[in-house]
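Given next are the chains, with one letter for each unit.
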Amino acid sequence: MKAVIPAAGLGTRFIPASKAQPKEMLPVVDKPVIQYVIEEAVAAGINDILIITGRGKRSIEDHFDKAIELEQLLRNENKDDQLKEVQKISNMADIHFVRQKEQKGLGHAIYCARKHVGNEPFAVMLGDTINIADVPLTKQLMNAYEKYQCSIIAIEKVPREKVVNYGIIDGEKIEDNIYKINNLVEKPSVEEAPSTLGITGTYVLTPEIFKCIERTKPGVSGEIQLTDAMKILLEEQSIYGLTFEGKRYDIGNKLDWFKANIELTLKREEFAEPMKAYLKRLLND
Ligand code: UTP
């Protein structure tokens, strides 16, 4: 299965940091957010990845390119660990790029992938979202796809007052962690939301979604919304939702980015103890 990673958005929630650099390149601990996303795809067994980029996103391409001068320097200085680290990034997978020329929304970004994807199911992983789970979330979705042979999307219970920030599903539970979706609404008001199950940004979609995107009119914020296209897809095919065990960080919003940095630093062996001691001191003060 191929993966498509939309990373062309303007990142207005992260201004000023995102003014001249992609929010997908913001570091969390010691690597850019989008590297976590690619690592999840690779851990799920995917090795053909298409990143949707746009103006001002060149540093994403540079990050996954071979850094010949840097490699030579590290080799000359016998810095083997750093050399391996640098080489690993450019060898992780076959990474392709296509540009979304106008930022017309997530649905439109996915549409830019249609030629690369062809007539096969494919995974979509947002370029600004890190998922931490024992079994990679994308792999969980791929396994569910094997079983149901339909589009399947990651969902999560969100606090009722937050439904306005999500695509929300209306569905019935058919297995412990699987819902059959009856309807989807993009960013509903608290009163209109059919549930508190929000779409979190990782999907396995059937290729019929592309035809549905063509028929999708601009929705919330004047953008071509993927949720609206999935609503059209639902008229002809089933779609399932999967609630996953794990943790998600939407790095596109500042507070979650701070939290991701602290929590993922605490998960790193070399930083955990000094970070814990520092946080304790800080809180005691
Ligand atoms: P967001 O919903 O976070 O939108 O996109 P955004 O425009 O980047 O950010 P804000 O809301 O203005 O702060 C989720 C993912 O989809 C990509 C983004 O780059 C991000 O990784 N995206 C969004 C596109 O590729 N193209 C778009 O037109 C919109």
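First things first, this report covers the structure right here in the doc. This is a predicted model, so every value here is computed, not measured. The residue numbers shown here count from 1 along each chain, following its written sequence. Local features in a predicted model are, by the rule used here, given only for residues with pLDDT of at least 70; side-chain atom pairs are given and counted only at 80 or more, and totals for whole chains, interfaces and linings are based on all residues. Values reported for side chains reflect all heavy atoms of the structure, with hydrogen atoms and water molecules removed beforehand.

### With respect to the overall build of the chain
Part 1: When you go through the chain residue by residue, the secondary structure sums to eleven helices and 13 strands.
Part 2: Here the globule rule reads 2.2 Å times residues to the power 0.38, and the radius of gyration is calculated from C-alpha atoms. Scaling as 2.2 N^0.38, a compact globule of 285 residues should have a C-alpha radius of gyration of about 19 Å, and the chain matches this with 19 Å.
Part 3: The C-alpha extent of the chain, read off along each of the three principal axes, is 60 × 50 × 40 Å.
Part 4: Between buried and exposed lies partly exposed: a residue is buried under 20% and exposed over 50% of the maximum accessible area for its type, with that area taken using a 1.4 Å probe on protein chains only. Residues counted as buried form 49% of the 285 residues belonging to the chain.
Part 5: Contacts are assigned to residue pairs that have any heavy atoms within 4.5 Å of one another. Across the chain, every contact between residues at least 6 apart in sequence was considered, and the portion connecting residues at least 24 apart equals 74%.
Part 6: Areas reported here follow the Shrake-Rupley algorithm with a probe of radius 1.4 Å; residue values treat only the protein chains shown as occluding. In the form shown here, the chain has an accessible surface area of approximately 14,700 Å², with 50% of it arising from carbon and sulfur atoms. In this description a helix means any DSSP run of H or I spanning at least four residues, a strand means any run of E spanning at least two, and both kinds are numbered starting from the N terminus.

### Thoughts on the packing of helix α10 (residues 254-266) against helix α11 (residues 269-284)
Part 1: Angles here are taken between N-to-C directions and fall from 0 to 180 degrees, while the axes themselves are lines fitted to C-alpha atoms, restricted in helices to the stretch in contact. Relative orientation of the contacting elements α10 and α11 amounts to 125°, with a least axis distance of 7 Å. Here α10 is positioned oblique relative to α11, judged by the angle of their axes. Here I262, T265 and L266 of α10 lie close against α11, whose contacting residues are F271, A272, M275, K276 and L279.
Part 2: For the contact of α10 with α11, the per-class residue count stands at six nonpolar, one polar and one charged. Orientation is classified from the angle alone, with under 35 degrees giving roughly parallel, over 145 giving roughly antiparallel, 65 to 115 giving roughly perpendicular, and any other angle giving oblique. Polar here means any residue outside two lists: the nonpolar Ala, Val, Leu, Ile, Met, Phe, Trp, Tyr, Cys and Pro, and the charged Asp, Glu, Lys and Arg; Gly therefore counts as polar.

### Observations regarding the packing of helix α3 (residues 68-76) against helix α4 (residues 80-91)
Part 1: At a minimum axis separation of 9 Å, α3 and α4 run at an interaxial angle of 155°. As summarised for this structure, α3 and α4 are arranged roughly antiparallel, according to the angle between their axes. Crossing handedness for the pair α3 and α4: left-handed. Counted together, L70, E71, L74 and R75 of α3 and Q82, L83, V86, Q87 and S90 of α4 form the full contact between these two elements.
Part 2: Split by residue class, the contact of α3 with α4 holds four nonpolar, three polar and two charged. Crossings are sorted by hand: turned counterclockwise from the far helix by less than a right angle, the near helix makes the crossing left-handed, and turned clockwise it makes it right-handed.

### Overview of the pattern of salt bridges
Part 1: Any carboxyl oxygen of Asp or Glu within 4 Å of a side-chain nitrogen of Lys or Arg constitutes a salt bridge here. Considering all chains together, one arrives at 19 salt bridges under this definition.
Part 2: Among the ionic pairs, K187 bridges to E186, the shortest N-O distance being 2.9 Å.
Part 3: Relative accessible area serves as the criterion here: at 36%, K187 is assigned to the partly exposed category.
Part 4: Ionic pairing is found between R215 and E235, a salt bridge with its closest N-O pair at 3.8 Å. You can see R215 sitting in the loop between α8 (209-214) and α9 (226-233) and its partner E235 sitting in the loop between α9 and β12 (239-243), a full 20 residues away along the chain.
Part 5: Within the structure, one salt-bridge network assembled from shared partners comprises K31, E39, E85 and K88.

### So, the site of the ligand
Part 1: When we say a residue is near a molecule or strand, we mean one of its heavy atoms is within 4 Å of it. Taken together, 19 residues are adjacent to the ligand, and G9, T12, R13, E24 and Q100 come closest.
Part 2: Whenever two N or O atoms come within 3.5 Å, that pair is a polar contact, provided that in protein one can donate a hydrogen and the other can accept it, and provided that, for residues adjacent in sequence, both atoms are side-chain atoms. In this structure, A7 approaches the ligand through a main-chain N or O atom, which is 3.5 Å from an oxygen atom.
Part 3: In this structure, G127 approaches the ligand through a main-chain N or O atom, which is 3.4 Å from an oxygen atom.
Part 4: Protein chains shield 84% of the accessible area of the ligand, which is 560 Å² for the free molecule.
Part 5: Residue composition of the shell around the ligand, by class: seven nonpolar, seven polar and five charged.

### Examining the environment of N47
Part 1: Summarising the element assignment, N47 is placed in the loop between α1 (33-43) and β4 (48-53).
Part 2: When the C-alpha atoms of N47 and V98 are compared, they prove to be 17 Å apart, with 51 residues separating the residues in sequence.

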